[in-house]
Amino acid sequence: MPEAPSTLSDDGNFDDNNKKLLEFFEDITSNADDVQKKVLNEILSRNAGVEYLIRHGLNGNTDYDNFKKIMPVVSYEDIKPDIDRIADGDRSSIFCSQPISEFLTSSGTSGGERKLMPTVEEELGRRSLLYSLLMPVMDQFIPDLQKGKGMYFLFIKSEAKTPGGLLARPVLTSYYKSSYFKKRPYDPYTNYTSPNETILCLDSYQSMYSQMLCGLCQNTEVLRVGAVFASGFIRAIRFLEKHWPILCHDIRTGTLSSQITDPLVRESVMKILKPNPKLAEFIEIECSKESWKGIIPRLWPNTKYVDVIVTGTMSQYIPTLNYYGNDLPLVCTMYASSECYFGINLNPLCKPCEVAYTLIPTMGFFEFLPVAREDEGPEKSKPYDKNDLVDLVDVKLGHEYELVVTTYAGLYRYRVGDILKVAGFKNKAPQFHFVCRKNVALSIDSDKTDEVELHDAVLKASTHLLPFEASLTEYTSYADTSTSPGHYVLYWEISYKNSDETLIPTSVFEDCCLTIEESLNSVYRQCRVSDKSISSLEIKVVENGTFDKLMDYAICNGASINQYKAPRCVKYAPIIELLNSRVVSSYFSPKYPKWVPGHKQWSSS
């Protein structure tokens, strides 16, 4: 198998290093089929004796065809009993011959909790390889990025320990706290305005404030700005809107706000912060202007692009980013998850709607489950089985697939839940548009709420209406990102036996809001309680007959009256306007829902 260049060349020649990395990428994509079969053989050879493979009858066999014939295609619920054994302390070789080093917590949920993805130490090196490919690609489009810095707002999140003592934490928290990040050699792509200590501060306010302050102090050195998700970067800009007066005070005086109490953060920031009245005045003038249109290039004048994920549900933030960025290019560089890192965008300056990721054949073994489309007729609606899976090099242009992955860390034919559409090819390796997460209805940040979960939460909350002889007639939902942070909005149409809604106290509807929040998954509740990246859920009560109007609108626009059903989530602006025009009252959750790190059955660490 081709070996990736391991480190920057000894003479520090970035052009030479970039060339070697691009040659490596050219090699593995040109030989994608052979590389994929070697990856599968390597995974099966090193894990030949593990319990999971033996249980399913592989019995040490590493043959490609035998694997495809014998091994089942699985979802998280299928492997959860084995995951729970590892979490409880079973150290036998269940999935992988190497010891499980920790669990990565997926933002997908199972039973209202984050999914736990097993990982091994060497995966950190594999993820680092993907990061190392980003700058060589960008350098082809925007040269000389090594001559400045990136202002990226990066954060760690809460971590927990399983009953068996393994850490359970998000994949980026794992990476940022590893030596691969903390002790990384100089690399122009990871040369950030934020000191490591500010990124590794768990207090979200102190971390955000100190990263913003350092970014402002080095404003002329900044060539690119970003965060992981579009929502996170917008949150940073709106933080600046609220706190620029005290940030300017710190820059003017060279003193750090007393609200920054973490000693490591203070020490790292004070190495950058010096009295600079001229810069403070410049920021003050720009931030005091009535319009914040173009605030990013105004404050950071050398910025070339905004680096954030704007595919999938994050596309809702594109207009806001264009407003703040004055139409700076929006760049999506990579595609990754807790299960596996997947690929990179070889055309980073393309429009967000055109983003396509080239899957890297060395990252894992990839298969694809064809997605049944409603418009393909009844003959296409049959459930697919494992015999329908196609290999990486056999997908067809324009077709949609669900991604299935086999990893070095011990996932075998695992359904990731991402729906991808083939957009083209880089040599023999396909390029994919990210279409959506399977079954996701609502998302503001890293949360993912599906229709079933939302429906169960709404039914539970609606029982609060029963003592008042009222009942929920119909409902829909909307992820409102017009404010920061965004929040879930539910539109409720209620029938009253006595035709008098004033009989229901405000506190009852507030209890309904809180009950829904308490019923949603732990990722949502963490975003509400710890990350503060989602604000209070809102219920808007609408006039009776509103959902009839909604149906009329859909039918007038071509929907079949026989097949129409009220949508459980809406995104189309005219429908949201219709709903808002008929709101008679609105209510917010009165307090935070309950949340602690870890799963319900664990004690937090």
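Whatever comes next refers back to the structure up there.
Please read these numbers as outputs of a predicted model, since none were measured by experiment. Every chain's residues receive numbers from 1 upward, in the order its sequence appears when written. Given that the model is predicted, a residue must reach a pLDDT of at least 70 before its local features are reported, and side-chain atom pairs must reach 80 or more before they are shown or counted; all residues, however, enter totals for whole chains, interfaces and linings. Neither water nor hydrogens contribute to the side-chain values; these are computed over all heavy atoms in the structure.

(A) Examining the overall build of the chain more closely. Within the chain, the secondary structure is distributed over 20 helices and 22 strands. For a compact globule the rule gives 2.2 Å times the number of residues to the power 0.38, and the radius of gyration it is set against comes from C-alpha atoms. Since a compact globule built from 605 residues should have a radius of gyration of about 25 Å, the 25 Å found for the chain is in line with a globular shape. Counting only C-alpha atoms, the chain reaches 75 × 70 × 50 Å along its principal axes. Throughout this description, buried means an accessible area under 20% of the type-specific maximum (1.4 Å probe, protein chains only), exposed means over 50%, and partly exposed covers the range between. Expressed as a percentage of the 605 residues in the chain, the buried residues total 53%. In the chain, the share of contacts with a sequence separation of at least 24, taken over all contacts with a separation of at least 6, comes to 69%. Considering the chain, the positive charge centre built from 65 side chains and the negative charge centre built from 78 side chains are found 2 Å apart. Secondary structure elements follow DSSP: runs of H or I of four or more residues count as helices, runs of E of two or more count as strands, with numbering from the N terminus. By definition in these notes, contact holds between two residues if any of their heavy atoms fall within 4.5 Å. The charge count includes Lys and Arg as positive and Asp and Glu as negative, but it does not include His or the ends of the chains. Where a charge lies is defined by one atom per residue type: Lys uses NZ, Arg uses CZ, Asp uses CG and Glu uses CD.

(B) Broad picture of the environment of cysteine 332. With respect to the element layout, cysteine 332 can be found in the loop between strand 8 (330-331) and strand 9 (334-336). We classify cysteine 332 as buried; its relative accessible area is 1%. C-alpha of cysteine 332 to C-alpha of isoleucine 237: the two residues are 95 residues apart in sequence and 19 Å apart in space. Beyond its immediate chain neighbours, meaning those up to four positions away, cysteine 332 contacts Val308, Ile309, Val310, Thr311, Asn345, Val355 and Tyr357.

(C) Examining the pattern of salt bridges more closely. Counted as salt bridges are all cases of a side-chain nitrogen of Lys or Arg within 4 Å of a carboxyl oxygen of Asp or Glu. Counted by the stated rule, this structure contains 29 salt bridges. Of the charged contacts, one joins aspartate 84 and lysine 80 as a salt bridge, the two residues approaching to 3.0 Å between their closest N and O atoms. With aspartate 84 and lysine 80 both in helix 5 (residues 76-87) and 4 residues apart, this pair spans about one turn of that helix. Look at aspartate 84 and you get partly exposed, because its relative accessible area is 24%. A salt bridge links arginine 582 to glutamate 543, with the nearest nitrogen and oxygen atoms 3.5 Å apart. One end of the pair, arginine 582, is in the loop between helix 20 (573-581) and strand 22 (583-588); the other, glutamate 543, is in the loop between strand 21 (538-542) and helix 19 (546-556), and 39 residues separate them in sequence. For glutamate 543, a relative accessible area of 34% translates into the label partly exposed.

(D) A look at the sheet that holds strand 10 (residues 341-344). Spatially, the 8 strands line up as an open sheet ordered 9-10-11-16-15-14-12-13, and their pairing is antiparallel. Every other strand in the sheet has two partners, leaving strand 9 and strand 13 (390-391) as the edge strands with one partner each. Pairing between strands is defined by DSSP: at least two bridges between them are needed. In this sheet, strand 16 (residues 429-437) lies alongside strand 11 (residues 357-359) in antiparallel orientation, the contact comprising 2 bridges. Bridge pairing in strand 16 places tyrosine 357 opposite phenylalanine 432. In this analysis an axis means a line fitted to C-alpha atoms, helices contributing only their contacting stretch, and an angle means the value between N-to-C directions, from 0 to 180 degrees. Packing against the sheet, helix 2 (residues 32-46) makes contact with strand 12 (365-370), strand 14 (400-406) and strand 16, and its axis sits at approximately 110° to strand 12.

(E) Layout of the sheet that holds strand 20 (residues 487-496). Spatially, 19-20-21-22 is the arrangement adopted by the 4 strands of the open sheet, whose pairing is mixed. Since the sheet does not close on itself, it has two edges, and those belong to strand 19 (470-480) and strand 22, each with one partner. Sheet twist, expressed as the average angle between the axes of neighbouring strands with direction ignored, equals 25°. Pairing of strand 19 with strand 20, which is carried by 10 bridges, proceeds in the antiparallel orientation. Of the residues in strand 20, the one forming a bridge with alanine 470 is tyrosine 496.

(F) Up close: the pairing of strand 20. By the criterion of burial, strand 20 is predominantly enclosed, with 9 of the 10 residues buried. Two successive antiparallel strands, strand 19 and strand 20, enclose a turn made up of 6 residues. Bridge analysis of strand 20 against strand 21 gives 5 bridges, and the strand direction is parallel. Each bridged residue has a counterpart across the sheet, and for tryptophan 492 the counterpart in strand 21 is valine 541.

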